[in-house]
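Summary of the model geometry
Each chain, written out:
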Amino acid sequence: MKEYFNQKVKWYRKTGNNAYGQPVYAPAVELMCRFQGGMKLIKDKQGKEAVAQGVFYLSEKVGLDDKLEYEGKQYNVLNYSDTVNLDGVFLFRKVWV
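As the structure is a prediction and not an experimental result, all values here were calculated from the model. (Residues numbered from 1 in each chain as written. Predicted model: local features only at pLDDT ≥ 70, side-chain atom pairs only at ≥ 80, totals over all residues. Heavy atoms only, no water.)

Moving on, we come to the overall build of the protein chain. Regarding its fold elements, the protein chain presents zero helices and nine strands. Seen in sequence order, the protein chain has helices and strands lined up from the N terminus as β-β-β-β-β-β-β-β-β. In terms of overall size, the protein chain behaves like a compact globule, its C-alpha atoms giving a radius of gyration of 14 Å where 97 residues would be expected to give roughly 13 Å. Taken along the three principal axes of its C-alpha coordinates, the protein chain extends 45 × 30 × 30 Å. Counting only residues that meet the buried cut, the protein chain has 33% of its 97 residues in that class. In the protein chain, of all internal contacts separated by at least 6 residues, the share reaching a separation of at least 24 is 47%. Within the structure as shown, the protein chain displays about 6,200 Å² of accessible surface, and the carbon and sulfur contribution to it stands at 48%. In the protein chain, the 15 positive side-chain charges and the 11 negative ones have mean positions that sit 3 Å from each other. (Helix = DSSP H or I, 4+ residues; strand = E, 2+ residues; numbered from the N terminus. Rg over C-alpha atoms; globule rule 2.2 N^0.38 Å. Buried < 20%, exposed > 50% of the residue type's maximum accessible area, 1.4 Å probe, protein only. Contact = heavy atoms within 4.5 Å. Areas by Shrake-Rupley, 256 points an atom, 1.4 Å probe, with all protein chains shown as cover. Lys, Arg positive; Asp, Glu negative; His and termini not counted. Charge placed at Lys NZ, Arg CZ, Asp CG, Glu CD.)

With that settled, the discussion passes to the packing of aromatic side chains. Evaluation of the coordinates by the stated rule reveals six aromatic pairs. Aromatic ring contacts, followed pair by pair, group Phe35, Phe56, Tyr70 and Tyr75 into a single cluster. Cation over ring: Lys61 sits above Phe90, and NZ or CZ is 4.8 Å from the ring centre. Here the guanidinium or amino end of Arg93 rests over the ring plane of Tyr80, the centre of that ring lying 3.7 Å away. (Phe/Tyr/Trp six-rings, centres within 6.5 Å; stacked < 30°, edge-to-face > 60°. Lys NZ or Arg CZ within 6 Å of the ring centre and 35° of its normal.)

Structurally, the position occupied by Asp44 is in the loop between strand E4 (29–43) and strand E5 (49–58). Buried charge without a salt bridge: Asp44, with Lys48 as the nearest opposite-charge side chain at an N-O distance of 6.3 Å. With residues up to four places along the chain from it excluded, the contact list for Asp44 reads Ala50, Leu78 and Asn79. (Salt bridge = Lys/Arg side-chain N within 4 Å of Asp/Glu carboxyl O.)

Everything listed here is a matter of geometry and, on its own, says nothing about what the molecule does.
Written as structure tokens, this is what we have:
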């Protein structure tokens, strides 16, 4: 799958919260990815229905509180699923935004 990661996305990993409870993010890291746009009804991290605007395929374990920036637009991570091989080795993460 990684041979299809020919697009770039900026990953802002959440590192904590400031004194006012607002999220604090690490500096952006550029990752290779595969992005597919399109609306899909999914469940978010609270289990509520949400409409995803697309899905990223990434080789990094992007978290639920992280942000992604693609083509100048920032996205909140709504949910994800991991794909592993038959030996249980992590291959890639599918991230809905």
